[in-house]
Amino acid sequence: MSRPPDAVRGATIVGTGMYVPERILTNADLEKMVDTTDQWILDRTGIRERHIAACDQASSDLAVIASRRALEAAKRAPDDLDLIIVATTTPDRILPSCACTLQQKLGARRAAAYDLFAACTGFVYGLGQARALIGAHMAETVLVVGVEKLSSIVDYTDRNTCVLFGDGAGAAVLREAPPGEGILSVTIQSDGNLGEVLEVPAGGSARALDERGLLAHDHKIKMRGKELFKVAVRAMDESLRQALSDAGLTCDDLKLVIPHQANRRIIDAMRERLGIPAEKVVLNIDRYGNTSSASIPISLDEAVREGRLEPGDYVAFVAFGGGVTWGASVMRWTQPPPVAAALAEATVTRKIASLAAATGRAT
Ligand code: UT7
């Protein structure tokens with residue numbers, strides 16, 4: 001029976017991909033650039049190294065590689081996409097959007113494309129939009145990308161921030177899900193009163209970049225880290241609880257939690273407040289640093305490819321970032337891991353071959 005066109009339907013992730021640039025900036029490299037130490041960075045943040053894009057690599061160049069990998073995992077072609085949402089704070093330029101440039105590079109001719117600006121929470125916001133639009137029958141196949149070339153807005157003379165951030169991209173392809181499968185809940189929030197705690201003061205319509213701004217590095221990230229830290233722990237704790245309650249689940253039901261990778265101490269504090277064992281939490285901040293909107297889809301892709309998620313598992317995403325913004329989402333995982341899918345496919349091929357041999361027919 002066909003569903004009435006206004007029926008709300010579910011959405012799920014059917015393929016993931018990630019990409020980080022080749023160049024690695026280690027803590028030892030940073031020791032030569034600012035007054036810092038490997039020990040301080042590791043103890044205070046958990047970061048050992050981060051990847052930095054080449055000068056001629058724009059955010060869309062990182063995004064296109066992650067997106068192709070996600071499409072390949074989803075067994076979809078660029079022309080299957082009818083919507084591309086790119087969560088980024090570092091688009092290639094102000095106009096056109098990073099999403100439109102990505103659409104052109106992918107050759108996704110049928111897709112509508114737009115950027116979403118919610119800083120480190122961007123991927124969770126994007127999941128919410130994809131789910132809503134698939135649910136409302138406005139889209140069938142949606143690509144959600146989190147991508148950042150944060151090195152383009154990091155002040156490499158400011159030790160408070162330059163040790164934290166890295167570049168990278170993560171992508172997910174979403175399609176309709178059966179009831180009770182896929183994304184079960186998404187909760188998002190923001191508080192513009194705290195906007196100045198993490199900002200790029202000049203270069204927008206409020207304040208043009210002039211010589212004074214250029215000398216003060218006001219076109220680069222300024223952050224009051226300590227203030228953010230406290231808000232981040234509380235906000236992530238509360239939104240994960242909300243997303244779990246909306247999904248009718250508890251922390252005990254979760255196989256994995258994939259938090260935004262801003263600081264290992266933030267993640268540990270949130271985890272302890274919620275009573276979640278460390279082995280359930282995906283951590284890769286040591287290798288990538290804080291990649292803002294890319295950190296959750298990068299971590300998800302790694303978890304999928306390492307076989308840490310199986311169909312039926314519950315996984316939660318939780319993020320906090322500039323704006324300030326925060327949010328969480330809970331999913332019942334549906335995508336078979338690549339290895340299992342390949343094995344299943346091989347078994348089917350073998351069965352068809354032996355059936356064909358038994359009936360004397362060529363395949
Ligand atoms: O992505 C989402 C948004 N971002 C966040 O949520 C980030 C949240 N904040 C944080 O992760 C932490 O606050 C930081 C990692 C940024 C800083 O850690 P902290 O423990 O809060 O350090 P602090 O800012 O209180 O600084 C402690 C000391 C200061 O020296 P004094 O004033 O005590 O003498 C800093 O100047 O550490 C100094 N410091 C450093 N020392 C060596 C700051 N940065 C460095 C550095 N190396 N890189």
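Each remark here, short or long, concerns the structure printed above.
On a predicted model such as this, the values are computed, not experimentally measured, just so you know.

Thresholds applied
Residues numbered from 1 in each chain as written. Predicted model: local features only at pLDDT ≥ 70, side-chain atom pairs only at ≥ 80, totals over all residues. Heavy atoms only, no water. Helix = DSSP H or I, 4+ residues; strand = E, 2+ residues; numbered from the N terminus. Rg over C-alpha atoms; globule rule 2.2 N^0.38 Å. Buried < 20%, exposed > 50% of the residue type's maximum accessible area, 1.4 Å probe, protein only. Contact = heavy atoms within 4.5 Å. Areas by Shrake-Rupley, 256 points an atom, 1.4 Å probe, with all protein chains shown as cover. Lys, Arg positive; Asp, Glu negative; His and termini not counted. Charge placed at Lys NZ, Arg CZ, Asp CG, Glu CD. Near = heavy atom within 4 Å. Polar contact = N/O pair within 3.5 Å; in protein donor to acceptor, adjacent residues only side chain to side chain. Nonpolar A, V, L, I, M, F, W, Y, C, P; charged D, E, K, R; others polar. Core = buried A, V, L, I, M, F, W, Y, C linked by side-chain atoms within 4.5 Å. Salt bridge = Lys/Arg side-chain N within 4 Å of Asp/Glu carboxyl O. Axes fitted to C-alpha atoms, helices over the stretch in contact; angles between N-to-C directions. Parallel < 35°, antiparallel > 145°, perpendicular 65-115°, else oblique. Left-handed = near helix turned anticlockwise from the far one by under 90°.

Engineer: Would you explain the overall build of the protein in this entry?
Structural biologist: In terms of helices and strands, the protein carries 12 helices and 13 strands. On C-alpha atoms alone, the protein measures out to a radius of gyration of 21 Å, which is about the 21 Å that the 2.2 N^0.38 rule sets for 363 residues. If one aligns the C-alpha atoms of the protein with their principal axes, the spans along those axes are about 80 × 45 × 45 Å. The buried share of the protein, reckoned over its 363 residues, is 51%. Once local pairs closer than 6 in sequence are excluded, the contacts in the protein between residues at least 24 apart make up 77%. A total of about 16400 Å² of accessible surface is found on the protein, and carbon and sulfur atoms cover 53% of it. Taking the average place of the 41 positive charges on the side chains of the protein and the average place of its 45 negative ones, the gap between the two points comes to 3 Å.

Engineer: How should I be thinking about the site of the ligand in this particular structure?
Structural biologist: Neighbouring the ligand are 24 residues, the closest being Thr 36, Arg 44, Lys 226, Asn 263 and Asn 290. Contact between the ligand and Lys 226: an oxygen atom at 2.7 Å from a side-chain N or O atom of the residue. For the ligand, whose free accessible area comes to 950 Å², the fraction covered by protein is 75%. Mapped by element, the contributors of at least two residues to the shell around the ligand are helix H2 (38-45), helix H6 (159-162), helix H8 (225-246), helix H9 (264-274) and strand E12 (314-321). Among the elements that make up the shell around the ligand, the one with the highest residue count is H8 (4 residues). Split into classes, the residues belonging to the shell around the ligand amount to 11 nonpolar, 8 polar and 5 charged.

Engineer: I tried to follow the nonpolar core on my own but got confused; where do I start?
Structural biologist: Looking at soluble globular proteins, one finds that nonpolar side chains tend to be buried together. In terms of nonpolar packing, the biggest core is built from 32 residues, with Leu 174 and Phe 317 touching the most fellow members. Elements that contribute at least two residues to this core include exactly strand E1 (10-19), strand E4 (83-87), helix H5 (122-135), strand E6 (142-148), strand E7 (168-177), strand E11 (254-259), helix H11 (295-305) and E12. The greatest single-element share of this core, amounting to 7 residues, is contributed by H5. Sequence-distant contacts of Phe 317, defined by excluding residues within four places in its chain, comprise Val 124, Leu 127, Ile 258, Ile 296, Leu 300, Gly 327, Ala 328, Ser 329 and Met 331. In terms of nonpolar packing, the next biggest core, distinct from the first, is built from 29 residues, Ala 232, Ala 243, Leu 254 and Val 281 among them.

Engineer: Looking at this structure, how should I read the side chain of Ser 293?
Structural biologist: Assignment of secondary structure puts Ser 293 in the loop between helix H10 (285-288) and H11. A polar contact is formed between the side chain of Ser 293 and the backbone nitrogen of Val 147, at a distance of 3.3 Å. Excluding residues within four positions of it along the chain, Ser 293 makes contact with Ala 87, Thr 88, Ala 119, Cys 120, Gly 122, Phe 123, Gly 146, Val 147 and Glu 148.

Engineer: Looking at this structure, how should I read H9?
Structural biologist: Each full turn of the α-helix corresponds to 3.6 residues, which orients residues three or four apart in the same direction. Within H9, burial applies to Ile 266, Ile 267, Asp 268, Met 270, Arg 271 and Leu 274. Here the buried face of H9 lies against H8, E11 and E12. At the N-terminal boundary of H9, the capping side chain belongs to Asn 263, with an oxygen 2.7 Å from the backbone nitrogen of Arg 265. Remark: Gly 275 follows H9 within two positions and exhibits a positive phi of approximately 70°.

Engineer: I would appreciate a short explanation of the pattern of salt bridges in the present structure.
Structural biologist: When the charged atoms of two side chains with opposite charge come close together, those side chains can pair. Under the defined criterion, the tally for this structure stands at 18 salt bridges. Taking the shortest distance from any N to any O, the salt bridge between Arg 159 and Asp 35 comes out at 3.6 Å. Here Arg 159 is found in helix H6, whereas its partner Asp 35 is found in the loop between helix H1 (27-31) and H2, with 124 residues between them in sequence. Residue Arg 159 is classed as partly exposed on the basis of its relative accessible area, which comes to 46%. For Arg 207, the salt bridge is made with Asp 218, and the minimal N-O distance between the two is 2.7 Å. Remark: Asp 218 occurs in the loop between helix H7 (211-215) and strand E10 (222-223) and Arg 207 occurs in the loop between strand E9 (198-199) and H7; sequence separation between them is 11 residues. Relative accessible area serves as the criterion here: at 26%, Arg 207 is assigned to the partly exposed category. Within the structure, one salt-bridge network assembled from shared partners comprises Arg 264, Asp 268, Arg 271 and Glu 272.

Engineer: What am I meant to see in unusual backbone geometry here?
Structural biologist: Leu 95 connects to Pro 96 through a cis peptide bond whose omega is 0°. Take Pro 96: it is sitting in the loop between E4 and helix H4 (98-106). Val 324 follows Gly 323 through a cis peptide bond whose omega is -10°. Within the fold, Val 324 resides in the loop between E12 and strand E13 (325-332). At Ala 119, a residue that is not glycine, the phi angle is positive and equals roughly 50°.

Engineer: Help me understand the side chain of Lys 280, please; the structure alone is not making it clear to me.
Structural biologist: Tracing the chain through its elements places Lys 280 in the loop between H9 and H10. Engagement of the side chain of Lys 280 in a polar contact is seen with the backbone oxygen of Leu 254, the distance being 2.8 Å. In this view, Lys 280 contacts Cys 251, Asp 252, Leu 254, Lys 255, Leu 256 and Val 257; residues no more than four positions away in its chain are not counted.

Engineer: Just to check I follow, could you spell out the packing of helix H3 (residues 59-74) against H4 for this structure?
Structural biologist: Two quantities define a packed helix pair, namely the angle between the helix axes and the distance between the axes. Remark: H3 packs on H4, axes separated minimally by 9 Å, with the N-to-C direction vectors making an angle of 55°. Between H3 and H4, the angle falls in the class oblique. For H3 against H4, the interelement crossing comes out right-handed. Note on element contacts: H4 touches H3 through Cys 98, Thr 101, Leu 102, Lys 105 and Leu 106, opposite Ser 59, Ser 60, Asp 61, Ala 63, Val 64, Ser 67, Arg 68 and Leu 71. Partitioned by chemical class, the residues of the contact of H3 with H4 number 6 nonpolar, 4 polar and 3 charged.

Purely geometric stuff here, so don't read any function into it on its own.
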